[in-house]
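# Coordinate inspection notes
Residues per chain are reported as follows:
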Amino acid sequence: FASQTPPATTKMAGKKKIAIMTSGGDSPGMNGVVRACVRMAIHLGCEAYCVYEGYEGLVRGGNLIRRMQWLDVRGWLSEGGTLIGTARCMAFFERAGRLAAAKNLIAEGIDALIICGGDGSLTGADRFRAEWPSLIQELEDTGVYTAEQLAPYRHLNIVGLVGSIDNDLSGTDATIGCYSALARVCYAVDLIEATASSHSRAFVVEVMGRHCGWLALMAGVATGADFIFIPEKPREDNWREEMCGIVEHHRKLGKRKTIVIIAEGALDREGNKISPEMVKDLLADKNGLGLDTRITTLGHVQRGGTAVAYDRMLATLQGVEAVKAVLEATPDTPTCVITINENKIVRKGLMEAVQETKMVAKAIECQDFDRAMGLRDTEFSEQYRSFMMTTAVQVNHKMQVAEKDRMKIGFINVGAPAGGMNAAVRAGVAYCLSRGHEPVAIYNGFAGFARHHGDSPLGAVRPFDWLEVDGWASKGGSEIGTNRELPSESGMERIADLIEHYKFDALFLIGGFEAFHAVSQLRKARDQYPSLCIPITLLPATISNNVPGTEYSLGSDTCLNELVEYCDKIKQSASATRRRVFVIETQGGRSGYVATLSGLGVGATAVYTPEEGVSLDMLAADVRHLKSVFAQDQGQSRAGRLILINEKASKVYNARLIAEILREEAHGRFESREGIPGHMQQGGVPSPMDRCRAVRLAIRCIQHLEQFGRNVHNKVKNDPMSATVIGIKGASVVFTPVTKVEEEETDWPNRRPKAEFWLGMKDIGDILGGRPKYHPPE
Ligand code: ATP
């Protein structure tokens, strides 16, 4: 920046110019962030830019900072990695590099920067913003720009987004990309399990995570591994005996496979590294377990591939939020990072989050492991406890309750199968066994209970077999069988008699809207049938995600993944013809959740939901829109376009009819086809998120039931908390009495919650899909 050079020119304009960049390690979902930011910025009247190659692009400038148009990011949701590149940039660690970056930004007239990366990238961002006034001053003092030129740039707005596969940033439950990485890890472990079981082998699987054990922990929970090693929580000094004891116990119970998951950064309590080889040697020791043991290091496959539905949703919603945060910021607003807590997108102080993250690494270094665990979010430590409770079954006798408090708990699945139902049963059973309760399976819902009662091996009521249940962690469907019938249809008197006959102290239901309705019926019948005065709780599980009392039901994440994968393939199939619109019919009952969220994940042109309905006028508007889209398309589109319609969005207009209307109206300018994925939407192997949440929520449910204890009929009858639904609501996990849910939260005729938290996402999907806002006629 020699002062003799004449002042550089800047492209000043009235419009806000927002640049987006990705930095640090790539993660699935980063492209979704870029797409959302670019399109939202354009939608809100700003100019969008991308900085290519991370901070390297900022430092070098030139054509590494490029103006982006709407169509430039078409199809990006389905692409893995980051299409605008990323790099580790040494120059940005130096002031001279950051000065060059400031000059380049101002040269393009950019006054706001959105950065998606890990804690290193966000630290760099914060430093840049803190230093900005002095960088500007230096550019003026050295004559690079005049004071007048610099006047609009006295303040730089920065917003951070966390893209990382490790889920290593404090203050957010999930980083963009972590659930995709977890999906790859679990997929690999599921494959390994088959061969492990065939040969009765042990496998030590090493996963990424130098300072963060999230991937190892969640993979352990989702796959039902025997043992895990994570940096934040080294096992006791006797970890060798502990691990071998648990593995030996599982083998004695008949297990043919052993899976140990170890994070890259696993340590013992003295801070010494625990390597996969050390673990392997222990398991294989001829004087000990003598297991045929192999090591699998997953490496970079964990980063690869397209983003799962959840990461696409997170990337899109957080990208939109980042643009809003940029536009709302004033010079006094602290730099923020966009996070998610349970189910809520929130803004937090960027530096606080980064500092807390660094404190975790520091605490691990100082061997202050309680502090390291305390700094992770509550879900992390709860999942750790869940893992311990479900793996060390019957080994840890300290967990057992007194004889008089032991309960007989009936498990029942109601409704259609949903991903995670089996994982929930498995976790509930394991927790019950650890506590000394008696978990009992009621097969095939209330219909099975009423018609096939009998405790013979073929009867509807059977004790669980631990070994069998332990293999259900990653199984789809419902192993204990499920049925839609309500207790009133099966015969309330009969159900009440059977509950009395089997002396159940509590009921644990897992299912969808019918299950909720069943709990409601059982509660209402308590006056008539005293045997129903036992604590009852429901863990919502349905792909439709339409159970009131929660924003999330098990199985809905699996369903979204299936739909997103299906739509990606369908879309790609049109890459030869290009001018094709697919109309895809989704399930979901009278809730447009899966249609809307999968539409968000694949960038649908339009989504039709039961909430909004479909009219001829709306269809006409969409036909006009598609005609203009294809008229303007000069061949940039690499794939077809998608319209999603929920199965109950309209009594008349279904996928086929809409495809035919489009064909007729297109007059040969484009083609259309319908696609009905049908029951594929229930998914094969449930997603890791459904499996992990199943474990956590099922344990919470049994803990809730056990608070009541045994023989408390009178207490139960008058206690609204004795018939509840567990749910994720906003930023917390809560039990809500069914009385409250029935009266205040349920839209009974439409079998869905009255207030659906995701409705706003439909507008975001429409905006980013480029669909003009639809105004119904007066
Ligand atoms: P990952 O989670 O994949 O490690 P990350 O964002 O933490 O992602 P880093 O390599 O730590 O990855 O950082 C990426 C880039 O951010 C660095 O190459 C550097 O350009 C910049 N950066 C990191 N820390 C700083 C810092 N303290 N000051 C200035 N720039 C930094």
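Since the structure is predicted, the reported quantities are computational estimates derived from the model, not experimental observations.

Near the ligand, the surroundings consist of 15 residues, among which Gly 25, Arg 88, Cys 89, Gly 120 and Ser 121 are the closest. Measuring from an oxygen atom of the ligand, one finds a side-chain N or O atom of Arg 88 at 2.5 Å. Gly 118 is positioned with one of its backbone polar atoms (N or O) 3.0 Å from an oxygen atom of the ligand. Alone, the ligand offers 630 Å² of accessible surface; in the complex the protein occludes 85% of this. Residue classes in the shell around the ligand are distributed as four nonpolar, eight polar and three charged.

The final tally for this structure, using the stated rule, is 19 aromatic pairs. With 3.9 Å between their ring centres and 15° between their planes, Tyr 55 and Phe 92 make a pair best called stacked. Here the residue Tyr 55 occupies a position in helix α2 (residues 54–60), and Phe 92 occupies one in the loop between β3 (65–68) and α3 (95–108), the gap between them amounting to 37 residues. Residue Tyr 55 is classed as buried on the basis of its relative accessible area of 5%. Geometrically, the ring pair formed by Phe 513 and Phe 516 is edge-to-face, given 5.7 Å between the ring centres and 70° between the ring planes. Residue Phe 513 and its partner Phe 516 are both found in helix α19 (residues 513–524); the two are separated by three residues, about one turn of the helix. Among the aromatic residues, those joined into a cluster by ring pairs are Tyr 55, Phe 92, Phe 128 and Trp 132. The side chain of Arg 376 reaches across the aromatic face of Phe 380, ending 5.7 Å from its centre.

Take the sheet that holds strand β2 (residues 47–51) next. Spatial ordering of the open sheet is given by β3-β2-β1-β4-β5-β10-β11, a layout of seven strands whose pairing is mixed. With partners counted over all chains shown, the strands left at the sheet margins are β3 and β11 (344–349), one partner each. Within this sheet the neighbouring strands show an average axis-to-axis angle of 30°, counted without direction. One ladder, built from four bridges, connects β2 with β3; its direction is antiparallel.

Time to look at the pattern of salt bridges. Summed over all chains, the structure comprises 44 salt bridges. Linking Asp 292 and Arg 201 is a salt bridge whose minimum nitrogen-to-oxygen distance equals 2.9 Å. With Asp 292 in the loop between α9 (276–284) and β9 (293–297) and Arg 201 in the loop between α6 (178–199) and β6 (202–207), the pair connects residues that are 91 residues apart, well separated along the chain. Residue Asp 292 is classed as partly exposed on the basis of its relative accessible area, which comes to 34%. Notably, a salt bridge pairs Asp 766 with Arg 771, separated by 3.4 Å at the nearest N-O pair. Judged by its relative accessible area of 7%, Arg 771 is buried.

For Asn 483, the position within the fold is in strand β15 (residues 482–483). Measuring from C-alpha to C-alpha, the distance between Asn 483 and Cys 46 comes to 53 Å, with 437 residues separating the pair along the chain. With residues up to four places along the chain from it excluded, the contact list for Asn 483 reads Asn 413, Val 414, Gly 415, Asn 444, Gly 445 and Ala 447. Of note is the side chain of Asn 483, whose polar atom sits 2.8 Å from the backbone nitrogen of Glu 485.

Core analysis: the biggest nonpolar cluster contains 145 residues, and Tyr 179, Phe 411, Phe 508 and Leu 539 have the highest contact counts within it. Those residues in contact with Tyr 179 that sit more than four places away from it in its chain are Ala 174, Trp 214, Met 218, Val 308, Tyr 310, Asp 311, Glu 379 and Met 689. Residues Ala 450, Leu 498, Tyr 502 and Phe 516 belong to the second largest nonpolar core, which totals 35 residues.

Okay, unusual backbone geometry next. Positive phi values are uncommon outside glycine, yet Glu 53 reaches one of about 65°. On the secondary structure map, Glu 53 appears in the loop between β2 and α2. Judged by its relative accessible area of 31%, Glu 53 falls in the partly exposed class. The phi dihedral of Ser 200 falls on the positive side, at around 55°, and the residue is not glycine. Counting through the fold element by element, Ser 200 comes out in the loop between α6 and β6. On the accessibility criterion, Ser 200 (24% relative accessible area) is partly exposed.

This paragraph deals with the sheet that holds β9. Spatially, four strands are ordered β7-β8-β6-β9 in an open sheet, and the strand pairing comes out parallel. Looking at which strands have only one partner, the edges of the open sheet turn out to be β7 (227–229) and β9. For this sheet, the mean inter-axis angle between neighbouring strands, taken without regard to orientation, is 15°. Looking at chain direction, β7 and strand β8 (residues 258–263) are connected through three bridges and run parallel. Bridge pairing in β8 links Phe 227 to Val 260. Where helix α7 (residues 214–223) meets the sheet, it contacts β6, β7 and β8, and its direction lies at approximately 160° from that of β8.

The rules we used
Residues numbered from 1 in each chain as written. Predicted model: local features only at pLDDT ≥ 70, side-chain atom pairs only at ≥ 80, totals over all residues. Heavy atoms only, no water. Near = heavy atom within 4 Å. Polar contact = N/O pair within 3.5 Å; in protein donor to acceptor, adjacent residues only side chain to side chain. Areas by Shrake-Rupley, 256 points an atom, 1.4 Å probe, with all protein chains shown as cover. Nonpolar A, V, L, I, M, F, W, Y, C, P; charged D, E, K, R; others polar. Phe/Tyr/Trp six-rings, centres within 6.5 Å; stacked < 30°, edge-to-face > 60°. Helix = DSSP H or I, 4+ residues; strand = E, 2+ residues; numbered from the N terminus. Buried < 20%, exposed > 50% of the residue type's maximum accessible area, 1.4 Å probe, protein only. Lys NZ or Arg CZ within 6 Å of the ring centre and 35° of its normal. Pairing = 2+ DSSP bridges. Axes fitted to C-alpha atoms, helices over the stretch in contact; angles between N-to-C directions. Salt bridge = Lys/Arg side-chain N within 4 Å of Asp/Glu carboxyl O. Contact = heavy atoms within 4.5 Å. Core = buried A, V, L, I, M, F, W, Y, C linked by side-chain atoms within 4.5 Å.

Just geometry here; none of it tells us what the structure is for.
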